[in-house]
Amino acid sequence: MYTADTAAHHDHAHGAPRGIMRWLTSTNHKDIGTLYLWFSLFMFFFAGALAMLIRAELFQPGLQLFQPAVFNQLTTMHGLIMIFGAIMPSLVGFANWQVPLMIGASDMAFPRLNNWSFWLLPAAGLLLIATFFVPGGAIAGGWTMYPPLYIQGGVAYDMSILAIHILGISSIMGAINIIVTILNLRAPGMTLMKMPLFVWTWLITAFLLVAVMPVLACAITMLLTDRHFGTHFFDAAGGGDAVMFQHLFWFFGHPEVYIMILPAFGIVSTIIPTFARKPLFGYVSMVYAVASIAFLSFIVWAHHMFTTGMPVGGQLFFMYTTMLIAIPTGVKVFNWVATLWRGSITFETPMLFALAFVFLFTIGGFSGLVLSLVPVDIQLQDTYYVVAHFHYVLFSGSAMAIMGGIYYWLPKWTGHMYDETLGKIHFWLTAIAFNITFFPMHFLGLAGMPRRIPDYALQFADFNMISSLGGFLLGASQLLFLYTVIKCVRGGAPAGNKPWDGADTLEWTQTSPPPYHSFVTPPQIKLVRGRSHANAR
Amino acid sequence: MQTHAEHDVYYVPPPSIWPLVGSVALLVLASGFVMLLHKIAAGPYVMALGIGILLVMLFGWFSTVIRESLAGKYSDQVDTSFRWGMVWFIFSEVLFFAGFFGALFYARILAVPWLADAQMLWPGFTAAWPTAGPGVKTVLTPVDAWGLPALNTLILLSSGATVTWAHWGLQKGRQFQLKLGLALTIILGALFISLQIHEYGEAAFTIRDGIYGATFYMLTGFHGFHVMLGAAMLTVIFLRALAGHFTPGRHFAFEAVAWYWHFVDVIWLMLFVFVYWL
Amino acid sequence: MSNRSCQRIGQIPGAIQAIPILIVWFVSARAHAEYGLNLHAPATNLAQKIYDLHTAILWICLAIFIVVFIPMCIALLRHRKSKGHRPARFHDNLTLEIAWTIVPVLILLAMAGTATRLVVAMKDTDEADLTIKVTGHQWKWEYEYLGDDIRFISTSSTPKEQIDGAQAKGENYLLEVDRPLVVPAGQKVRLVLTSADVIHTWWVPAFGLKQDAVPGFIRDSWFKADKPGTFRGQCAELCGVGHGFMPVVVEVVTVEQFDAWKQAQKALVAAAAASAGKTYTLAELKALGEKVYKTNCIACHQATGLGIPGAFPALIGSKIVSGDKSGHIDMVLNGKPGTAMAAFGKQLSDVEIAAVVTYERNSWSNKMSDVAQPADIAARRK
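All values derive from a computational prediction rather than experimental measurement. (Residues numbered from 1 in each chain as written. Chains lettered and ligands numbered in written order. Predicted model: local features only at pLDDT ≥ 70, side-chain atom pairs only at ≥ 80, totals over all residues. Heavy atoms only, no water.)

When helices and strands are tallied, chain B shows seven helices and zero strands. Referenced to the eigenvectors of the C-alpha coordinate spread, the extents of chain B come out at roughly 75 × 45 × 35 Å. Expressed as a percentage of the 278 residues in chain B, the buried residues total 49%. For chain B, restricting intrachain contacts to residue pairs at least 6 apart in sequence, the fraction spanning at least 24 positions comes to 72%. Per element, the accessible surface of chain B, about 12600 Å² overall, is 73% carbon and sulfur. Side-chain charges of chain B comprise 12 positive and 13 negative groups, with the mean position of each set lying 6 Å from the other. (Helix = DSSP H or I, 4+ residues; strand = E, 2+ residues; numbered from the N terminus. Buried < 20%, exposed > 50% of the residue type's maximum accessible area, 1.4 Å probe, protein only. Contact = heavy atoms within 4.5 Å. Areas by Shrake-Rupley, 256 points an atom, 1.4 Å probe, with all protein chains shown as cover. Lys, Arg positive; Asp, Glu negative; His and termini not counted. Charge placed at Lys NZ, Arg CZ, Asp CG, Glu CD.)

Structure (structure tokens):
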């Protein structure tokens, strides 16, 4: 239970400016967080629409709607935009809103830089989306951008490289901002081991971002010079190696996977104790588990490349390290279950999302464990099994945790309660449609359907049709999400300071919505670990 | 960690136009670069416009920061933020170079020997370094490490010493030592860059000459670019020193640039050992 | 337990809970059926071991799943506020935490042991009876029987009409080729793989063999098929617009049949050499050229010859096609580096190149009316 002694006065040196300039020039972490969240929601729908088109083409065998060249653009851009445009920015949006509020800081450490981190996103997004309209269309070589295929492309390929450079600058600056905020702006009494787990997960995520985004920048710079300046980094004729790109890419790419899931862990670790009305079980081991996962993420990258034919020693090393990840991940799941055990549980929408997360993410974790075994991975690499696996960790993992987090904090952010009935309908539709869409993909992969193909053999037809139907339902359900969010933003029952009786973090000591400048004077934090929440409120 | 004894208010700047200007600058710059790559006539002009906007942004943004600093708006806690920020920025730069070094090591230790093993595809190719690879016909004459590069090492190391000497001057309030040290550092940096350009002119191979040419020019090129950035930053610091902006107790900007300069120094040592020497 | 609110919310997670159990039952009951729920029926010893390893890990996962989620379900059913359950205060239990760290380690160690032995066996390509060089091309496979002077290209034989829905789809839709790879049963076949352009992946699920073909490098792998049969797979690495249309078909035959097949192949090569000097008519070349075009060119330049603007150039009115014949032949022979235009000189015979060049120069609205003869191609080869 956190309590904060806050000085009553608020500094209103500069309140919220009016009109468009408020958003364009903001130095306020809440406004910038809001921008991040809206941006990511837009991109979520954009990339989601691409997914609908993919599922429409795959509804039945044969080429109906799109030629292969266009289909490959759809899959590539769906992946790229979901990752860089939807999941990552929304998590940064959470960090912007919540980190200062949860550690008792007045704002982010570098408010202007924070604004730049955001406004680079629309610039990069514009460059990326514009590629659909240039000659030759958008990039079509997969979001992983493997050469030499990537070397063959047209103007879109250069635009995408530069867009990713801009996204990288944004991510690095955003991450530095978050690290410094957490290290330097905690209120007195908020020691590291008293921080809410969400803050911990973001500290470690931000560290991963600063460490790996530059390596991605380096890899795509080599792509650019191979394309235009005659270098031979990825060309065997010049002594380079196409597989070298994969090593560099996945040295970024694997930590990137955790960048997208660790803050989701943080959100779930916040929601579950609230609605179980019981402190998080094993806080310290949770922190160590997150740190271990982050450490391991640097030494597992080549498990994405088992079929490239690396020496047997390499295959074994990366298999063992990958299997190790199951340990800290398991610890986290066990801790969540132990948190629920003997709690006083209620099932509001955020809790439903968090519970589905624990359940479905674990399925994704198991398929990850299956994939960690080199011999099995060789059968499943580049099949729909992998597509199923990463949608279980990215959609029912990251995205559903994000939705849960949005329902959880919307009352705080807007001052209104969301519509609980609509929220629950949205949850059940999403959870059911998600499983209809992605569970059959396990079977498709096992049965040998490669990913990234616009047309498939006849034995895959039934499951693809089921999957497409589920996909359309999943897509349509998100419109309800949009409606529920907008409805809540526009009005609703007043939330009060603390709508969740089991919540105990610092943001709930503030009004809903919080003052434009909260914690201008740092509060004094006292934390009574393990206090029961039964009699709260 | 700072103490919270004074409970001072952390400075949150008012709304600012510069971040948005910066985003527009990068968008224009990137678009111009793509046009340039695809030989659209307007490319260079659009790029120039982007760079222009970027310079305006940097000038405007840093002026604001300097003004705020001189106005005493930055508490110790803000100062600590700046320090952490710079540390993590340099950390990200280290990883950027690590990527290119990784490519160099991968090519030398793994890819080239594998290619030599693939006699079925590349008959007669033997593993050696430097190499332009089995399919690029050229005779590589690498740059001799103990010629210009050794001299450049000496120059850059000396510039590291002069900037530290300038820092001592600043800490002890000897403004002349500060200015002289900075001036020497900038001169040495400029000397380094001109020698580097000279070396490029003399080199018997180009960036197109296989993996050796690619890693050589990419690593030395990005390093040279960082030296130029560092020199430009030192020049700003020199001008600010002339204007008397720094006091023995408060001179984070100077220290940040000095850190950056040392970072560039260390990268050069790695380059000297792994690109030129071994 | 019979509380109404409990049922309302509690039932559904319970139902979800049952899904994986049902599924695993379904999978194991129909393991080798044609429902496509599990890995292909193994045709090699290694594939069988992979299959068994996968089954084992699936059961282990299911067991852990049950152990973890039974307490969760009990908590969700019983420890609810609506049932008046008061929250406990505990938030640590060192014994428990150590236990659930150590036990998974032990399980993982057991799994790692089995997997390691299998990885080492899969990598052991020594003492092969037969070595075949496999080269990936956009979008076909080239097979070369090393030491036997047999070399051919294997291309998808699914008609475009089936893909476009103008014709009913055949039984082996997208999994059929003009010339399958033929290998003897019971012999260790070593594949050395490489690629001529981008990365491809040669994959036959029933053999448990999936290996990237990396341009400029040699990778090797092996399989030993137990019994004769036809085995089908696909390219598994995204390699451009034809990625979905690049099947692998392996015909496993008896050793005697294999020897007979080899003799037949050599006779074909001799016959082709004999016809190299022949002169063809425009109509003959156009007819053959259309076939070659459909297998090799159509993915990029399209059936219409219009290409895809910005990505793949049009052939109608193209400078190269409407220009000098020798320039056109050179482009087909040598390709264009850095693009998807491959050097077909290494893949196609003189007759085939002559045919496709003639076809392109005299189709759609292109009316060059000239003919490229095999001799012209031979003359332009460097």
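Having put the structure on the table, let's press on.
In this section: the packing of aromatic side chains. A full pass over the atoms with the stated rule returns 99 aromatic pairs over all chains. Measuring from ring centre to ring centre gives 6.0 Å for Phe 275 of chain A and Tyr 408 of chain A, while their planes differ by 75 degrees; the resulting arrangement is edge-to-face. With Phe 275 of chain A in helix α7 (residues 242–276) and Tyr 408 of chain A in helix α13 (residues 384–414), this pair connects stretches of sequence that are 133 residues apart. Stacked on the ring of Trp 222 of chain C, the Lys or Arg Lys 188 of chain C has its end atom at 4.2 Å from the ring centre. When the ring centre of Trp 114 of chain B is taken as reference, the NZ or CZ atom of Arg 219 of chain C above it lies at 5.9 Å. (Phe/Tyr/Trp six-rings, centres within 6.5 Å; stacked < 30°, edge-to-face > 60°. Lys NZ or Arg CZ within 6 Å of the ring centre and 35° of its normal.)

What follows deals with the packing of helix α2 (residues 45–78) of chain C against helix α3 (residues 94–123) of chain C. Residues and elements named next belong to chain C. Between α2 and α3, the shortest axis-to-axis distance is 11 Å and the interhelical angle comes to 165 degrees. Here α2 is positioned roughly antiparallel relative to α3, judged by the angle of their axes. In the packing of α2 onto α3, the handedness of the crossing is left-handed. Contact residues: Leu 46, Lys 49, Ile 50, Leu 53, Ile 57, Ile 60 and Ile 64 in α2; Ile 107, Met 111, Thr 114, Ala 115, Leu 118, Ala 121 and Met 122 in α3. Residues of the contact of α2 with α3, tallied by class, amount to 12 nonpolar, one polar and one charged. (Axes fitted to C-alpha atoms, helices over the stretch in contact; angles between N-to-C directions. Parallel < 35°, antiparallel > 145°, perpendicular 65-115°, else oblique. Left-handed = near helix turned anticlockwise from the far one by under 90°. Nonpolar A, V, L, I, M, F, W, Y, C, P; charged D, E, K, R; others polar.)

Moving on, we come to the confidence of the model for chain C. All names here are of chain C. Of all residues in chain C, 90% attain a pLDDT of 70 or more, and the chain-wide mean is 86. Note on residues 1–14: pLDDT is under 50 here. Beyond four places in sequence and across chains, it has 18 contacts. Overall, residues 28–33 carries pLDDT values under 50, and its contacts beyond four positions in sequence, including any with other chains, amount to seven contacts. Per the prediction output, this complex has pTM 0.91; the corresponding ipTM is 0.94. (pLDDT = per-residue confidence, 0-100.)

By size, the foremost hydrophobic cluster in this structure holds 343 residues, and its most contacted members are Phe 84, Met 222, Trp 336, Leu 340 and Phe 357 of chain A together with Phe 254 of chain B. With residues near it in sequence (within four places) discarded, Phe 357 of chain A still touches Ile 261, Ala 264, Phe 265, Val 268, Trp 336, Thr 362, Ser 396, Gly 397, Ser 398 and Ala 401 of chain A. In this structure, Ile 132, Leu 181, Val 241 and Phe 312 of chain C belong to the second largest nonpolar core, which totals 44 residues. (Core = buried A, V, L, I, M, F, W, Y, C linked by side-chain atoms within 4.5 Å.)

Packing of α7 of chain A against helix α3 (residues 76–117) of chain B brings their axes to within 11 Å, and their N-to-C directions diverge by 150 degrees. The pairing of α7 of chain A with α3 of chain B is recorded here as roughly antiparallel in orientation. When the axes of α7 of chain A and α3 of chain B are compared, the crossing they make is right-handed. Across the interface between the two elements, Val 243, Met 244, His 247, Leu 248 and Phe 251 of chain A from α7 of chain A touch Leu 95, Gly 99, Ala 103 and Tyr 106 of chain B from α3 of chain B. Taken together, the residues of the contact of α7 of chain A with α3 of chain B sort by class into seven nonpolar, two polar and no charged.

Another aspect to go through is the side chain of Thr 484 of chain A. Residues and elements named next belong to chain A. Mapped onto the secondary structure, Thr 484 falls in helix α15 (residues 461–490). At 2.6 Å, the side chain of Thr 484 and the backbone oxygen of Leu 480 are in polar contact. Thr 484 has contacts with Tyr 407, Asp 419, Leu 422 and Gly 423, leaving out every residue within four places of it along the chain. (Polar contact = N/O pair within 3.5 Å; in protein donor to acceptor, adjacent residues only side chain to side chain.)

Here we take up the interface of chain A and chain C. Facing the 100 residues of chain A at the interface are 97 residues of chain C. The interface formed by chain A and chain C holds one salt bridge in total. In this structure, Lys 81 of chain C and Asp 501 of chain A form a salt bridge, with 3.6 Å as the shortest nitrogen-oxygen distance. For the interface between chain A and chain C, the tally reads 27 residue pairs in polar contact (both at pLDDT 80 or more). When contributions to the side of chain A that touches chain C are tallied by element, the ones reaching two or more residues are α3 (68–103), α7, α9 (312–324), α10 (326–340), α11 (349–372), α12 (374–380) and α14 (420–446) of chain A. With nine residues, the single largest contributor to the side of chain A that touches chain C is α10 of chain A. Class assignment of the residues belonging to the side of chain A that touches chain C gives a composition of 62 nonpolar, 28 polar and 10 charged. (Salt bridge = Lys/Arg side-chain N within 4 Å of Asp/Glu carboxyl O.)

A few words on the interface of chain C and chain B. Of the residues lining the interface, seven residues belong to chain C; the matching set on chain B comes to seven residues. Between chain C and chain B lies a buried interface of about 580 Å² when both sides are counted; carbon and sulfur atoms form 85% of it. Taken as a group, Gly 216, Phe 217 and Ile 218 of chain C account for 69% of the area that chain C buries against chain B, more than any other trio of residues on that side. On the surface where chain C and chain B come into contact, there are zero salt bridges. Seen at the junction of chain C and chain B, the total is one residue pair in polar contact (both at pLDDT 80 or more). Of the residues that constitute the side of chain C that touches chain B, the class distribution is four nonpolar, two polar and one charged. (Buried area = accessible area lost by both parts, 1.4 Å probe.)

With that settled, consider the sheet that holds strand β10 (residues 247–253) of chain C. The pairing of strands in a sheet comes from backbone hydrogen bonds and takes either a parallel or an antiparallel form. Residues and elements named next belong to chain C. A sheet is described by the order of its strands in space; here three strands give the open sequence β4-β10-β9, paired in mixed fashion. Either end of the sheet is taken by a strand with one partner, and the two such strands are β4 (181–184) and β9 (229–234). Ignoring which end each strand starts from, the neighbouring axes of this sheet average 25 degrees apart. Relative to β10, β4 runs parallel, the two being bridged by four bridges. The partner of Val 183 across the bridge, within β10, is Val 252. The sheet contacts of helix α5 (residues 255–274) involve β4 and β10, and relative to β4 the element is tilted by about 135 degrees. (Pairing = 2+ DSSP bridges.)

Residue and element names in this part refer to chain C. Pairing is mixed in the open sheet, where five strands are placed in the order β3-β2-β1-β5-β8. The open sheet has two free edges, formed respectively by β3 (150–154) and β8 (219–223), since each of these has just one partner strand. Neighbour-to-neighbour, the strand axes of the sheet open up by a mean angle of 25 degrees, direction not taken into account. The pairing of strand β5 (residues 189–195) with β8 spans five bridges and is antiparallel. The partner of Leu 191 across the bridge, within β8, is Ser 221. Packing of α5 onto the sheet brings it into contact with β1 (130–137), β2 (140–145) and β3, and relative to β3 it is tilted by some 90 degrees.

To continue, consider the side chain of Thr 322 of chain A. Residues and elements named next belong to chain A. Mapping Thr 322 onto the fold places it in helix α9. Within the local environment of Thr 322, its side chain forms a polar contact with the backbone oxygen of Phe 318, the two atoms lying 2.5 Å apart. With residues up to four places along the chain from it excluded, the contact list for Thr 322 reads Val 300, His 303 and Ser 372.

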